[in-house]
Amino acid sequence: MAFQQEVPAEMIAAMCRRAFGAATTVIRATKIGVGTWNDTYRVEIADRGPVILRVAPSPERDEREAMRNEYAAAPYFAALGPLVPRTLYADFTHQLIGRDYMLQEPLPGVPAADRLNAYPDLTPYFRQLGTITRTIHNVRGVRFGPVAAATFATWSEALADQFQTLADAYDRAGLDAGEVRRIRAAVDTHRAVLDEVREPRLLHGDLWRLNILIDPDAPEPAIVGILDYDGASWGDPLADWTIHQVLRREGTEAFWETYGPRPAEPIRQLFYQARCLAGARLDIYRRNIDLATVPPVHWDLTDVLKGLDA
């Protein structure tokens with residue numbers, strides 16, 4: 001399923017006039033980014049300078065209402081200060097285009113995914129990432145679940161809902177949801193362990209190289225921007241995508257120097273690994289990628305199921 005749909009130039013101009021006034025003149029709009037969810041443009045506006053336009057998928061494709069979740073989450077990322085973009089305007093009325101959209105101030109830097117491999121030593125990068133991730137996780141919530149709809153009193157309820165949502169998405173895609181439903185059932189078996197998490201903490205949801213900006217001219221990696229927290233939620237810090245990625249990669253020891261102790265919660269980590277793998281399998285399908293070309297370590301749930309069934 002393709003989530004992106006090109007936005008015509010005349011529609012981009014209309015969006016900018018609605019946001020900044022009838023006299024607004026768009027000089028050019030250039031599509032940017034490597035993401036597959038939102039359509040993102042850098043828009044040059046006369047007498048104003050550049051802005052970033054992000055347009056969500058059509059409502060029938062945007063089952064998560066992700067942009068609305070990001071908009072609701074923005075005040076909770078205040079501790080990151082200038083590292084996160086400032087929202088200039090948001091329009092969820094669907095009067096112009098029938099899709100949610102936001103205009104934001106641009107941030108400096110380039111995606112870490114494009115530049116990071118040029119540095120021989122990533123120690124400074126992972127130290128910064130540890131500090132940033134800890135800053136996010138220090139923000140406390142009241143209930144568990146997506147920021148725009150945190151409706152669960154316990155972490156096990158929220159996690160069960162996440163696996164049920166994944167299973168339903170598998171069904172709609174025509175994928176076999178049997179393994180995902182087994183993991184959903186395992187949540188009930190391990191509720192006591194999961195509900196040791198009593199205080200919801202803020203999670204970014206997708207904090208990794210594509211959503212991190214670094215200074216391309218710095219002599220060592222320097223993080224200058226954090227993007228795309230449309231998957232932000234309240235939950236167990238160990239469930240965040242960043243922790244999953246750091247745990248499965250070598251050379252990330254510096255992360256724990258600033259974040260704090262490395263987690264030692266094997267059952268909970270199995271559930272979080274399962275959620276990441278199951279989500280990746282769905283994403284592979286949605287991007288029309290041949291599953292045979294993706295190493296099973298990125299999507300296969302066999303070993304996780306064995307651990308949960310033991």
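The structure displayed is predicted, hence computed values, not measured ones.

Peer 1: So what exactly am I meant to see when it comes to the side chain of Arg209 here?
Peer 2: Relative to the assigned elements, Arg209 resides in the loop between β8 (201-203) and β9 (212-214). Despite being buried, Arg209 has no salt bridge partner; Asp114 is the closest side chain of opposite charge, sitting 9.9 Å away. Beyond its immediate stretch of four places on either side in the chain, Arg209 contacts Pro111, Ala112, Ala113, Leu116, Asn117, Leu122, Tyr125 and Phe126.

Peer 1: Just to check I follow, could you spell out the pattern of salt bridges for this structure?
Peer 2: Pairs can form between side chains of opposite charge whenever their charged atoms are close. Under the definition given, this model contains 19 salt bridges. Asp39 serves as the salt-bridge partner of Lys31, at 2.7 Å between the closest nitrogen and oxygen. Residue classification places Lys31 among the partly exposed residues on the basis of a relative accessible area of 31%. Residue Arg287 is joined to Asp283 by a salt bridge in which the shortest nitrogen-to-oxygen separation is 2.9 Å. Using a relative accessible area of 43% as the deciding quantity, one classes Arg287 as partly exposed. Since its relative accessible area comes to 29%, Asp283 is described here as partly exposed. What emerges from the salt-bridge pattern is a single network uniting Glu6, Lys31, Asp39 and Arg99.

Peer 1: Sorry, what's going on with the sheet that holds strand β5 (residues 101-104) here?
Peer 2: Strand pairing within a sheet occurs via backbone hydrogen bonds; the two strands may be parallel or antiparallel. If you walk across this open sheet you meet the 5 strands as β1-β2-β3-β5-β4, and the pairing is antiparallel. Bordering the open sheet on either side are β1 (26-31) and β4 (87-91), each of which pairs with just one other strand. When the angles between neighbouring strand axes are averaged without regard to direction, this sheet yields 20 degrees. Pairing of strand β2 (residues 39-45) with strand β3 (residues 49-55), which is carried by 7 bridges, proceeds in the antiparallel orientation. Within the sheet, the bridge partner assigned to Ile45 lies in β3 and is Gly49.

Peer 1: What's the story with the side chain of His204 in this structure? I'm lost.
Peer 2: Along the polypeptide, His204 turns up in the loop between β8 and β9. According to the relative accessible area criterion, His204 is buried, its value standing at 0%. For His204, the side chain forms a polar contact with the main-chain oxygen of Leu227, separated by 2.9 Å. Not counting residues within four places of it along the chain, the set of residues in contact with His204 comprises Phe77, Ile136, Ile226, Leu227, Asp228, Tyr229, Gly231, Ala232 and Asp240.

Peer 1: Would you mind showing me how to read the nonpolar core here?
Peer 2: Soluble globular proteins: nonpolar side chains tend toward being buried together. With 34 residues, the main nonpolar core has Trp155, Phe163, Tyr170, Ile183 and Phe271 as its most contacted residues. Elements that contribute at least two residues to this core include exactly α5 (155-173), α6 (178-189), α10 (266-286) and α11 (302-309). With 10 residues, the top contributor of residues to this core is α5. Residues in contact with Tyr170, not counting those within four places in the same chain, are Leu175, Asp176, Ala177, Val180, Ala278, Arg281 and Leu282. Of all hydrophobic cores here, the second largest spans 33 residues; its members include Val139, Ile243, Val246 and Trp256.

Peer 1: Teacher, can you tell me more about helix α2 (residues 66-73) here?
Peer 2: Since one α-helical turn is 3.6 residues long, residues separated by three or four positions face the same way. Among the residues of α2, Ala66, Met67, Asn69, Glu70 and Ala73 are the ones counted as buried. All buried residues of α2 fall inside an arc of 160 degrees around its axis, so they share one side. Where α2 is buried, its residues meet β3, β5 and β7 (145-146).

Peer 1: Where do I start with the layout of surface pockets in this structure?
Peer 2: Empty space among the atoms can be located by rolling a probe the size of a water molecule over them. Volume-wise, the second largest pocket comes out at about 250 Å³. Forming the boundary of the second largest pocket are 13 residues, of which His244, Arg248, Gln273, Leu277 and Val297 lie nearest the centre. The set of elements that each furnish at least two residues to the lining of the second largest pocket consists of α8 (241-247), α10 and α11. Along the lines of polarity and charge, the residues of the lining of the second largest pocket split into 6 nonpolar, 4 polar and 3 charged.

Peer 1: Can you walk me through the pairing of β2 in this structure?
Peer 2: Every other side chain in a regular strand lies on the same face of the sheet, so the side chains alternate between the two faces. Taking burial as the measure, the 7 residues of β2 include 5 buried ones, the bulk of the element. Where β1 lies against β2, 5 bridges are found, and the strand directions are antiparallel. Paired with Arg28 across the bridge in β2 is Glu44. Count of turn residues in the β2/β3 antiparallel hairpin: 3 residues, of which Asp47 carries a positive phi of about 65 degrees.

Peer 1: Would you mind showing me how to read the packing of aromatic side chains here?
Peer 2: Describing an aromatic ring pair means giving the distance of the ring centres and the angle of the ring planes. Counted by the stated rule, this structure contains 12 aromatic pairs. For the ring pair Tyr71 and Phe92, a centre distance of 5.5 Å and an interplane angle of 85 degrees mean the geometry is edge-to-face. Residue Tyr71 is located in helix α2, and its partner Phe92 is located in the loop between β4 and β5; the two are separated by 21 residues in the primary sequence. Using a relative accessible area of 25% as the deciding quantity, one classes Phe92 as partly exposed. Look at Phe163 and Phe271: their rings are 6.4 Å apart centre to centre, the planes differ by 55 degrees, and that puts the pair in the tilted class. In this pair, Phe163 sits in helix α5 while Phe271 sits in helix α10, placing the two residues 108 residues apart along the sequence. Following the ring pairs from residue to residue traces out a cluster consisting of Tyr125, Phe126 and Trp208. A cation sits over an aromatic face here: Arg134 above Tyr259, 4.0 Å from the ring centre.

Thresholds, definitions, all that
- Residues numbered from 1 in each chain as written.
- Predicted model: local features only at pLDDT ≥ 70, side-chain atom pairs only at ≥ 80, totals over all residues.
- Heavy atoms only, no water.
- Helix = DSSP H or I, 4+ residues; strand = E, 2+ residues; numbered from the N terminus.
- Buried < 20%, exposed > 50% of the residue type's maximum accessible area, 1.4 Å probe, protein only.
- Lys, Arg positive; Asp, Glu negative; His and termini not counted.
- Salt bridge = Lys/Arg side-chain N within 4 Å of Asp/Glu carboxyl O.
- Contact = heavy atoms within 4.5 Å.
- Pairing = 2+ DSSP bridges.
- Axes fitted to C-alpha atoms, helices over the stretch in contact; angles between N-to-C directions.
- Polar contact = N/O pair within 3.5 Å; in protein donor to acceptor, adjacent residues only side chain to side chain.
- Core = buried A, V, L, I, M, F, W, Y, C linked by side-chain atoms within 4.5 Å.
- Arc of directions from axis to C-beta.
- 1 Å grid on protein atoms, 1.4 Å probe; cavity = no way out; pocket = protein on both sides within 12 Å on 5 of 7 lines; lining within 4 Å.
- Points joined across faces, edges and corners; volume = space filled by probe spheres on them.
- Nonpolar A, V, L, I, M, F, W, Y, C, P; charged D, E, K, R; others polar.
- Phe/Tyr/Trp six-rings, centres within 6.5 Å; stacked < 30°, edge-to-face > 60°.
- Lys NZ or Arg CZ within 6 Å of the ring centre and 35° of its normal.

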